[in-house]
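Coordinates in review
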Amino acid sequence: MGFTVLVVDDDAAFRRVAGRLLAVRGFDVVDAAADGVEALAAIRAHRPDGVLLDVNLPDTDGLTLAREIHDEPAPPAVVLTSTDHHGFPRHTLTGAGVRAFVPKDQLVGTDLTALFTAPGT
């Protein structure tokens, strides 16, 4: 089994596209979730190595959820994504246990393997 990833986004079409993009790059997409509650349940059920996490979810925001994920036993690597180009300060990301922020329109050209597998925060 390769590096396992959970995709968390409230847009079903984006979850499918991101899942395909990750699979083509050799990741094993173990599940997808539409909100924070589903994401935490999926993390506990599958214990993925990484989470591709949308900033804007219907029940929480990505940074808050990232902090909750970071508090899980053996937390997965988290990469935030959004259609908005937030430009979060590095200390905001690391304080939430996030490896990186990548705008959705830049996911195709981004080395996700390096982001997910870089030394942890």
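As a reminder, the structure under discussion sits directly above these lines.
Everything numeric here is computed off the predicted structure, so don't read it as measured data. (Residues numbered from 1 in each chain as written. Predicted model: local features only at pLDDT ≥ 70, side-chain atom pairs only at ≥ 80, totals over all residues. Heavy atoms only, no water.)

**Observations concerning the pattern of salt bridges**
Threshold: Between Lys or Arg on one side and Asp or Glu on the other, a salt bridge is scored when a side-chain nitrogen of the former is within 4 Å of a carboxyl oxygen of the latter. Starting at the N terminus, helices and strands are each numbered in turn, a helix being any DSSP run of H or I of at least four residues and a strand any DSSP run of E of at least two. The rule is simple: take the accessible area with a 1.4 Å probe, protein chains only, and divide by the maximum for that residue type; under 20% is buried, over 50% is exposed, in between is partly exposed.
According to the stated counting rule, one finds 4 salt bridges in the structure shown. Between D9 and K104 there is a salt bridge, with its nearest N and O atoms 2.6 Å apart. Placement of D9 in the loop between strand 1 (4–8) and helix 1 (12–24) and of K104 in the loop between strand 5 (98–103) and helix 5 (112–117) is noted, with a sequence separation of 95 residues between them. Since its relative accessible area comes to 0%, D9 is described here as buried. Look at K104 and you get buried, because its relative accessible area is 17%. Residue K104 is joined to D54 by a salt bridge in which the shortest nitrogen-to-oxygen separation is 3.7 Å.

**Quick word on the environment of F14**
Cut-off, in case you're wondering: Whether two residues are in contact is decided by their heavy atoms: any pair within 4.5 Å suffices.
Mapped onto the secondary structure, F14 falls in helix 1. Each C-alpha atom of the pair F14 and R67 lies 23 Å from the other, and the pair is 53 residues apart in sequence. Those residues in contact with F14 that sit more than four places away from it in its chain are D9, T81, K104 and L107.

**Comments concerning the nonpolar core**
Worth spelling out the cut-off: Joining through side-chain atoms within 4.5 Å is the link that ties buried Ala, Val, Leu, Ile, Met, Phe, Trp, Tyr and Cys residues into a set, and such a set is a nonpolar core.
Within the largest apolar cluster, 21 residues are counted, with the highest numbers of intra-cluster contacts made by V8 and L53. Where this core is concerned, the elements lending two or more residues are strand 1, helix 2 (36–46), strand 3 (50–54), helix 3 (62–70), strand 4 (77–82) and strand 5. Residues in contact with V8, not counting those within four places in the same chain, are A33, D35, A39, V51, L52, L53, D54, L57 and L65. Residues V5, V7, L21 and F27 belong to the second largest nonpolar core, which totals 14 residues.

**Comments concerning the packing of helix 2 against helix 3**
The condition that has to hold: Axis lines are fitted to C-alpha atoms, over the contacting stretch for helices. Their N-to-C directions set the angle, which ranges from 0 to 180 degrees. Should an angle lie under 35 degrees it is considered roughly parallel, over 145 roughly antiparallel, and from 65 to 115 roughly perpendicular; all remaining angles are considered oblique. With the far helix as reference, a near helix turned anticlockwise by less than a right angle produces a left-handed crossing, and one turned clockwise produces a right-handed crossing. Charged means Asp, Glu, Lys or Arg here, nonpolar means Ala, Val, Leu, Ile, Met, Phe, Trp, Tyr, Cys or Pro, and polar covers whatever is left, Gly included.
Their axes nearest at 11 Å, the elements helix 2 and helix 3 cross at an angle of 20 degrees. As the angle between them shows, helix 2 and helix 3 are arranged roughly parallel. For helix 2 against helix 3, the interelement crossing comes out right-handed. In this structure, helix 2 uses G36, A39, L40 and I43 to contact helix 3, whose residues at the interface are L65, E68 and I69. Residues belonging to the contact of helix 2 with helix 3 are distributed by class as follows: 5 nonpolar, 1 polar and 1 charged.

**Quick notes on helix 1**
Note the cut-off: Under the convention used throughout, the expected extent of a helix is 1.5 Å for every residue step, that is, one less than its residue count. The reported arc concerns the directions from the helix axis to the C-beta atoms and nothing else.
Given a rise of 1.5 Å per residue, 13 residues ought to cover 18 Å, and the 19 Å separating the end C-alpha atoms of helix 1 matches this to within 8%. For helix 1, the full list of buried residues reads F14, A18, G19, L21 and L22. The buried residues of helix 1 all sit within an arc of 165 degrees when viewed along its axis, so they share a single face. Away from its buried face, by an angle of more than 90 degrees, helix 1 presents the exposed residues R20 and V24.

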